[in-house]
Amino acid sequence: MGFWTRDEPEEVVFDEVVDTDGQIWPAFTDDDGVLWIDVDYDVEVVINGAIVDGQIRGAEVDENGRIWIDYE
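Presented here is a report on the structure given in the accompanying data block. (Residues numbered from 1 in each chain as written. Predicted model: local features only at pLDDT ≥ 70, side-chain atom pairs only at ≥ 80, totals over all residues. Heavy atoms only, no water.)

1. Section: unusual backbone geometry
For clarity, the threshold we go by: The secondary structure listing takes helices from DSSP runs of H or I that are at least 4 residues long and strands from runs of E that are at least 2 residues long, numbered from the N terminus. With a 1.4 Å probe rolled over the protein chains alone, any residue whose accessible area is under 20% of its type maximum counts as buried; one over 50% counts as exposed, and the rest are partly exposed.
Here the phi dihedral of Asp 53 falls at roughly 50 degrees; this positive angle occurs in a residue that is not glycine. Its place among the elements puts Asp 53 in the loop between strand 4 (47-52) and strand 5 (55-61). Given a relative accessible area of 65%, Asp 53 falls into the exposed group.

2. Considering the nonpolar core
The condition is simple: The term nonpolar core refers to a set of buried residues drawn from Ala, Val, Leu, Ile, Met, Phe, Trp, Tyr and Cys, joined through side-chain atoms within 4.5 Å.
Counting residues in each nonpolar core, the largest one holds 12 residues, listed as Val 12, Phe 14, Val 17, Trp 25, Ala 27, Leu 35, Ile 47, Ala 50, Val 52, Ala 59, Ile 67 and Ile 69. For this core, the elements supplying multiple residues, two or more each, are strand 2 (24-29), strand 4 and strand 6 (67-69). By residue number, the principal contributor to this core is strand 4, which donates 3 residues.

3. Notes on the sheet that holds strand 4
Each strand in a sheet pairs with another by means of backbone hydrogen bonds, the pair being arranged parallel or else antiparallel. Going by this rule: Any two strands are treated as partners once DSSP identifies two or more bridges connecting them. Only the contacting stretch of a helix is used when fitting its axis, a line to C-alpha atoms as for every element, and angles between N-to-C directions run 0 to 180 degrees.
Spatial strand order, 3-2-1-4-5-6: 6 strands in an open sheet with antiparallel pairing. Two strands in the sheet have a free side with no partner beyond their single neighbour: strand 3 (35-37) and strand 6. In this sheet, adjacent strand axes meet at a mean angle of 40 degrees when their direction is disregarded. For strand 1 (residues 16-19) and strand 4, the ladder comprises 4 bridges, and the chain directions are antiparallel. Note that in strand 4 the partner of Glu 16 across the bridge is Ile 51.

4. Quick word on the environment of Ile 37
Selection rule: Working rule for contacts: check all heavy atoms of both residues, and any pair within 4.5 Å makes them a contact.
Summarising the element assignment, Ile 37 is placed in strand 3. For the pair Ile 37 and Ala 27, spaced 10 residues apart in sequence, the C-alpha separation works out to 4.4 Å. Contacts of Ile 37, omitting those with residues within four sequence positions, involve Val 17, Trp 25, Pro 26, Ala 27, Val 43, Val 45 and Ile 47.

5. Observations regarding the pattern of salt bridges
Where we set the bar: A side-chain nitrogen of Lys or Arg and a carboxyl oxygen of Asp or Glu constitute a salt bridge if their distance falls within 4 Å.
With the rule as written, the count across this model stands at 1 salt bridge. A salt bridge links Arg 66 to Asp 62; the nearest nitrogen and oxygen atoms lie 2.9 Å apart. Taking relative accessible area as the criterion, Asp 62 reaches 16% and is therefore assigned buried.

The structure is reproduced here in structure tokens:
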């Protein structure tokens, strides 16, 4: 799940994100839209994309950890 930048956020299904180095990470969001990288170790990455329906879409994570996906 991710959020769009609209008045009413729409659910976007994804299970991977892309960092600024092009590495793909398994990921998910909690009920508040906060992004979690799904690995068994601590990692800090800068996200600039999310894979939605097999396509990489632009994305960013805000100061609260919520992911915002550009779907246009």
